[in-house]
Amino acid sequence: MDFLEFVSTRQSDRAFDPERPVEKEKIDRIVEVARLAPSACNAQPWHMIVVDDPELKNKVADATSARALGMNHFTKQAPVHIVLVEEKVNLTSGVGGWVKQKDYAQMDLGVIAAHIALAAHAEGLGSCILGWFNEPRMREVLSIPDSKRVWLDIAIGYSVQPLRPKKRKALADVVSYNGYKDSVKK
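The numbering scheme is per chain: residues are counted from 1 as the chain's sequence reads. In keeping with the model being predicted, local features are shown solely for residues with a pLDDT of at least 70 and side-chain atom pairs are shown and tallied solely at 80 or more, while totals for entire chains, interfaces and linings include all residues. To get the side-chain values, all heavy atoms of the structure are used, and hydrogens and water are removed first.

Visitor: What am I meant to see in the nonpolar core here?
Guide: Nonpolar side chains tend to gather and get buried jointly when the protein is soluble and globular. One finds Ile-30, Ile-82, Leu-84, Ile-112, Ile-116, Leu-125 and Ile-156 to be the most contacted residues of the largest nonpolar core, which totals 20 residues. Only DSSP runs of H or I with at least four residues qualify as helices, and only runs of E with at least two residues qualify as strands; both kinds are numbered from the N terminus onward. When residues of this core are traced back to their parent elements, those giving at least two are helix H2 (24-35), strand S2 (80-86), helix H5 (104-122) and strand S4 (149-157). Note on terminology: a nonpolar core comprises buried Ala, Val, Leu, Ile, Met, Phe, Trp, Tyr and Cys residues joined through side-chain atoms within 4.5 Å. Categorising residues by exposure relies on relative accessible area from a 1.4 Å probe, with only protein chains included: less than 20% of the type maximum marks a residue as buried, more than 50% marks it as exposed, and the intermediate range marks it as partly exposed. Among the nonpolar cores identified, the runner-up in size contains 12 residues, and Val-60, Met-138, Val-141 and Val-150 belong to it.

Visitor: For this particular structure, what's the right way to read the packing of helix H3 (residues 54-64) against helix H6 (residues 135-142)?
Guide: The angle between the axes and the distance between the axes are what describe a pair of packed helices. The geometry of H3 relative to H6 is characterised by a closest axis approach of 8 Å and an angle of 170 degrees between their N-to-C directions. The orientation of H3 with respect to H6, classified from their angle, is roughly antiparallel. Residues Leu-56, Lys-59, Val-60, Ala-63 and Thr-64 of H3 touch H6, and the partners they reach there are Arg-137, Met-138, Val-141 and Leu-142. In the scheme used here, Gly and all other residues not listed as nonpolar or charged are polar, with Ala, Val, Leu, Ile, Met, Phe, Trp, Tyr, Cys and Pro taken as nonpolar and Asp, Glu, Lys and Arg as charged. Taken together, the residues that form the contact of H3 with H6 break down as six nonpolar, one polar and two charged. Helix axes use the C-alpha atoms of the stretch in contact, all axes being lines fitted to C-alpha atoms, and the angles between their N-to-C directions lie in the range 0 to 180 degrees. For classification purposes, angles smaller than 35 degrees are called roughly parallel, those larger than 145 roughly antiparallel, those between 65 and 115 roughly perpendicular, and all remaining angles oblique. Any pair of residues with heavy atoms lying within 4.5 Å of one another is described as a contacting pair.

Visitor: What exactly am I supposed to notice about H6 here?
Guide: Since one α-helical turn is 3.6 residues long, residues separated by three or four positions face the same way. Here H6 has its buried residues at Glu-135, Met-138, Arg-139, Val-141 and Leu-142. For H6, the arc enclosing every buried residue in end-on projection is 165 degrees, short of the 170-degree limit, so these residues lie on one face. In this structure, H6 carries Pro-136 and Glu-140 as exposed residues pointing more than 90 degrees from its buried face. Tucked into the core, H6 has its buried residues touching strand S1 (46-51), H3, S2 and S4. As used in this structure description, the phrase polar contact means that two N or O atoms lie within 3.5 Å; if the pair is within protein, one of them must be able to donate a hydrogen and the other to accept it, and residues adjacent in sequence are counted only when both atoms belong to side chains. With a side-chain oxygen lying 2.9 Å from the backbone nitrogen of Arg-137, the N-terminal cap of H6 falls on Asn-134. Here the arc refers to the set of directions running from the helix axis out to each C-beta atom.

Visitor: Looking at this model, I keep getting lost on a nonpolar patch on the surface. Mind explaining?
Guide: Judged by side-chain polarity, Leu-91, Val-95, Trp-98 and Val-99 come together as a nonpolar surface patch covering roughly 500 Å² of accessible area. Judged by its relative accessible area of 52%, Val-99 falls in the exposed class. Put simply, a patch holds well-exposed residues, over 30% relative accessible area, that have no salt bridge, with like charges counted together within 9 Å and Val, Leu, Ile, Met, Phe, Trp or Tyr side chains within 5 Å. A 1.4 Å probe and the Shrake-Rupley method give the accessible areas. Residues count as covered only by the protein chains that appear here. A pairing counts as a salt bridge when a side-chain nitrogen of Lys or Arg comes within 4 Å of a carboxyl oxygen of Asp or Glu.

Below is the structure:
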């Protein structure tokens with residue numbers, strides 16, 4: 001399978017086999033792939049918390065659910081959650097971000113999240129990147145200091161959800177060559 005086909009078969013899964021645990025070797029490979037993700041000035045401003053203890057995993061899942069909105073109730077099915085916590089950037093990345101007014105740490109956390117999702121797919125697992133959760137509750141459950149920012153939770157497990165067609169904008173709507181789309185001569 002080439003990379004385009006591989007990416008085309010990855011999806012955000014919201015249904016997992018709750019009875020099928022994920023092998024530790026697979027999680028170890030996923031976090032190693034994530035550890036190797038690129039970051040601005042090699043700052044690596046992240047800490048990954050792998051949550052695979054069933055009781056603790058359920059508490060993390062509870063922190064992602066919103067009863068009133070009906071969001072993320074599937075997260076208890078996932079046997080593993082990888083929580084991404086922002087760490088301080090190095091001096092070069094911090095100064096560069098300040099000068100350019102860009103939050104490189106947030107960009108880097110997005111890159112590592114993509115690596116985790118793709119690595120999970122390579123291991124035959126499904127995943128869903130979650131940004132909606134109760135951050136103070138997540139800090140409490142995982143003993144994360146108040147001074148740290150929890151950015152994402154990635155639910156991982158054996159998907160029981162069928163592959164669905166991707167709904168994406170047309171290539172012409174998201175790509176232009178040699179200039180911004182409104183400025184390119186046609």
